[in-house]
Amino acid sequence: MDVMSFEDVAMDFTREEWQFLNPYQRDLYKEVMLANYSNLVAVGEDIITLRELSQTAGRNQSAHG
């Protein structure tokens, strides 16, 4: 059985890509990333901390408002 990590299910946008997302798409991104994190934690994978996840989303958000 292969091990799945957060990086396997994460989606990362460049600054240029992030600026083209509308507010709904940015919110959806955050929801999906949190759901992915929650699902991995539920099966015992604690690869990334919630703080690190928040910082990743924050980088995208602060870079593009």
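Calculation criteria
- Residues numbered from 1 in each chain as written.
- Predicted model: local features only at pLDDT ≥ 70, side-chain atom pairs only at ≥ 80, totals over all residues.
- Heavy atoms only, no water.
- Helix = DSSP H or I, 4+ residues; strand = E, 2+ residues; numbered from the N terminus.
- Buried < 20%, exposed > 50% of the residue type's maximum accessible area, 1.4 Å probe, protein only.
- Contact = heavy atoms within 4.5 Å.
- Areas by Shrake-Rupley, 256 points an atom, 1.4 Å probe, with all protein chains shown as cover.
- Phe/Tyr/Trp six-rings, centres within 6.5 Å; stacked < 30°, edge-to-face > 60°.
- Patch = residues over 30% accessible without salt bridge, like charges linked within 9 Å, V, L, I, M, F, W, Y side chains within 5 Å.
- Salt bridge = Lys/Arg side-chain N within 4 Å of Asp/Glu carboxyl O.
- Core = buried A, V, L, I, M, F, W, Y, C linked by side-chain atoms within 4.5 Å.
- pLDDT = per-residue confidence, 0-100.

The name given to the chain in an unreviewed UniProt entry is KRAB domain-containing protein, and the organism recorded there is Oryctolagus cuniculus.

Asker: Could you give an account of the overall build of the chain, with specific residues and numbers?
Answerer: A tally of helices and strands in the chain yields 4 helices and 0 strands. Sequence-ordered secondary structure for the chain, helices as α and strands as β, is α-α-α-α. Counting the 65 residues in the chain, one finds 26% classified as buried. Put simply, 64% of the contacts in the chain that link residues at least 6 apart link residues at least 24 apart. Accessible surface, the chain: about 4900 Å² in total, of which carbon and sulfur atoms supply 54%.

Asker: Can you break down the packing of aromatic side chains residue by residue, with the values?
Answerer: Throughout the structure, instances matching the rule amount to 3 aromatic pairs. Taking 5.9 Å as the distance between ring centres and 55° as the angle between the ring planes, the aromatic pair formed by F13 and W18 counts as tilted. Assigned by exposure class, F13 and W18 land together as buried. Through a chain of ring-to-ring contacts, three or more aromatic side chains come together here, namely F13, W18 and Y29.

Asker: Let's hear about a nonpolar patch on the surface: which residues, and what values?
Answerer: Side chains of Y24, L28 and V32 sit close together on the surface and give an oily, nonpolar patch of about 300 Å² of accessible area. Mapped onto the fold, Y24 is located in helix 3 (residues 23-42).

Asker: Tell me about the nonpolar core, and please be specific about residues and values.
Answerer: Most often, soluble globular proteins have nonpolar side chains that are buried together. Counting residues in each nonpolar core, the largest one holds 8 residues, listed as F6, F13, W18, L21, Y29, M33, Y37 and L40. Here the element with the most residues in this core is helix 3; it accounts for 4 residues.

Asker: Account for the environment of V9, naming residues and giving values.
Answerer: You can see V9 is positioned in helix 1 (residues 6-9). C-alpha separation for the pair V9 and L40, spaced 31 residues apart in sequence, amounts to 9.5 Å.

Asker: I'd like a rundown of the confidence of the model for the chain, residues and numbers included.
Answerer: Residues of the chain with pLDDT of at least 70 account for 63%, and the chain-wide mean is 75. Within the chain, helix 2 (residues 15-19) carries the highest mean pLDDT (92), whereas helix 4 (residues 50-64) carries the lowest (58).

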